[in-house]
Amino acid sequence: MNQELYMNRCFSLALQARGFTAPNPMVGAVLVYNNVIIGEGWHQQYGGNHAEVNCLNSVKEEDKHLIPESRMYVNLEPCAHHGKTPPCADRLVQEKVKRVIIANTDPFEQVSGRGIEILKQAGIIVTTGVLEKEGLWLNRRFFCFHTFKRPYIILKWAQTVDGFIAPTDRSRYQITGKYSQMLVHKWRTEEAAIMTGTTTTLNDNPQLTARLVEGKQPLRIILDRSLKVPQTHNVYDEAADTWIVNEQMEDLDGNVHFVKLDFDHLLLEQLMRRLYEARILSVKIEGGAALLNSFTGPGLWDEARVFKGEARLKQGIPAPVLTDAVPALNTFVERDTLDIFVNNNSPFTYVKGMEI
C-alpha cells in the first residue's frame, strides 16, 4: 500500500484548480481498490462539488460495488458542515468507504476534527498525517488564513545584479525579461489580492492585472493615504475590483471600494484584519521599497519571490533586505535568476519537489 504515491496524486489533482477555489482550499481525492485507482476528483472551483464527491461520482457504474472495500485518499479532512455543498464526511459514510487516508486536518473552526470524528463513529478507519508537510505547503494560504486570521503574504520584487530595484529618480526601469513578466502575471491569477503603494502607482501607472496569461484577476489594493492617485490612472478602470486604502473616506463606487483606515496606528495590522473579514486568503506585495520594507521590517511576510536581472544601475533605490529568510528554491527564468524564500518563523516550509 503506497500511501505517499496516492497522496501525491491528490496534490497533483488539487493543483489543477489553483486560483479558482479561494476562499476554499485546494483538494484532490483518489479512490483505490486493490491498488487500482477506480475514481479521482478535485475541488474545481469555489461553490462547486468538493473533491470527495467528484471522486465518488467519477467511479464507473460497473465499479460502484467496489466502493465499500476501497480506500479514499484526500489531502484535507473531509468537511463536516453544510456550506455551499453538503458535508463530504456524510457522503463517505453513506457510500460505506472502508478507509480514509488524510494528509492534513482542517483548521476551519466548523470542521477542525469533526469530519474525522464522523468517519470514525461510522466505523471507517482513518489515517492522518500522510505527507503532512507537503499538504501544509500546498494549502499554505488556507492554513495561514485560518490559523493566524490574516492573508498569506507574498513579497515580490526584481533587482539588478548590484542590488537596486529602481533608479534614484524612481523612474520606470525594466529589470527582468519577458518570461519573468509572464510568470509574474501567472502568479497574479493564483492570489486573491495584489498590493502596491502611492509612489509606485503614481510613477508607473500599473494596471495590476494578469494580461499575459488567462485566469482570474486579483483584487487590487492601493495604499493612497491622501488620495493622490488621479482617477484617470489604470487602477480606477473596470478591469478588476479595487480597494483604495486611505484615511479620508469609506465608500463604494462601482468596482472601487474606498477603505478608510488610520495610517498613524498599526496600519498593516488594521488592513490585514479588513482583508481577513473580506475572506481574502492571500496578498502579493508588488510595491516599491518603502512598502516592501514596511513588511520586512516587522517580519510580516510568509514568502518572498526575488528576481535578479542582468542589468546594473551602479546607484539607485536599494532592494529590501530579508531577515529570518530561509532559501527554498533557486532557478533561472530565461536569463533572470529567481530566488524563493520562506520566513523562518512560518510553519509552512517548502518541501523539495513541491510546486511554488
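Keep in mind that this is a model prediction, so the values were computed, not measured. (Residues numbered from 1 in each chain as written. Predicted model: local features only at pLDDT ≥ 70, side-chain atom pairs only at ≥ 80, totals over all residues. Heavy atoms only, no water.)

Q: For this particular structure, what's the right way to read helix 10 (residues 289–296)?
A: Since the α-helix packs 3.6 residues into each turn, any two residues three or four apart lie on the same face. By the burial criterion, the buried members of helix 10 are Ala289, Leu291, Leu292, Phe295 and Thr296. For helix 10, the angular spread of the buried residues around the axis is 165°, confining them to a single face. (Buried < 20%, exposed > 50% of the residue type's maximum accessible area, 1.4 Å probe, protein only. Helix = DSSP H or I, 4+ residues; strand = E, 2+ residues; numbered from the N terminus. Arc of directions from axis to C-beta.)

Q: Help me out: how do you make sense of the pattern of salt bridges in this one?
A: The tally for this structure, following the rule as stated, stands at 18 salt bridges. With a closest N to O distance of 2.9 Å, Glu355 and Arg18 form a salt bridge. Of this pair, Glu355 sits in the segment after strand 17 (336–343) while Arg18 sits in the loop between helix 1 (3–15) and strand 1 (28–33), and the two are 337 residues apart along the sequence. The partner of Arg273 in a salt bridge is Glu269, and the shortest N-O contact between them spans 3.6 Å. (Salt bridge = Lys/Arg side-chain N within 4 Å of Asp/Glu carboxyl O.)

Q: I tried to follow the nonpolar core on my own but got confused; where do I start?
A: Nonpolar side chains tend to gather and get buried jointly when the protein is soluble and globular. By size, the foremost hydrophobic cluster in this structure holds 62 residues, and its most contacted members are Met7, Leu31, Met72, Tyr73 and Val100. Tallying contributions element by element places helix 1 first for this core, with 7 residues. Those residues within four positions of Leu31 in sequence are excluded, and the remaining contacts are Val36, Ile37, Ile38, Gly39, Cys55, Leu56, Val59, Ile67, Ser70, Arg71 and Met72. Among the nonpolar cores identified, the runner-up in size contains 35 residues, and Ile153, Trp157, Leu268 and Leu291 belong to it. (Core = buried A, V, L, I, M, F, W, Y, C linked by side-chain atoms within 4.5 Å. Contact = heavy atoms within 4.5 Å.)

Q: Just checking my understanding: could you explain the pairing of strand 8 (residues 193–197) for this structure?
A: Consecutive side chains of a regular strand alternate in pointing toward one face of the sheet and then the other. In terms of burial, strand 8 is largely enclosed, as 5 of its 5 residues are buried. The alternating pattern of strand 8 places Ala193, Met195 and Gly197 and Ile194 and Thr196 on opposite faces, both of which are buried. In this structure, strand 8 lies alongside strand 9 (residues 219–223), joined through 5 bridges in parallel fashion. The partner of Ile194 across the bridge, within strand 9, is Arg220. Handedness of the crossover is the feature at issue here: the chain leaves strand 8, passes through helix 8 (residues 198–204), returns alongside strand 9, and the resulting connection is right-handed. Sheet analysis places strand 8 next to strand 13 (residues 282–285), joined by 3 bridges and oriented parallel. When the sheet's bridge partners are listed, Ala193 is paired in strand 13 with Val283. (Pairing = 2+ DSSP bridges. Right-handed = clockwise from strand over helix to strand, strands pointing away.)

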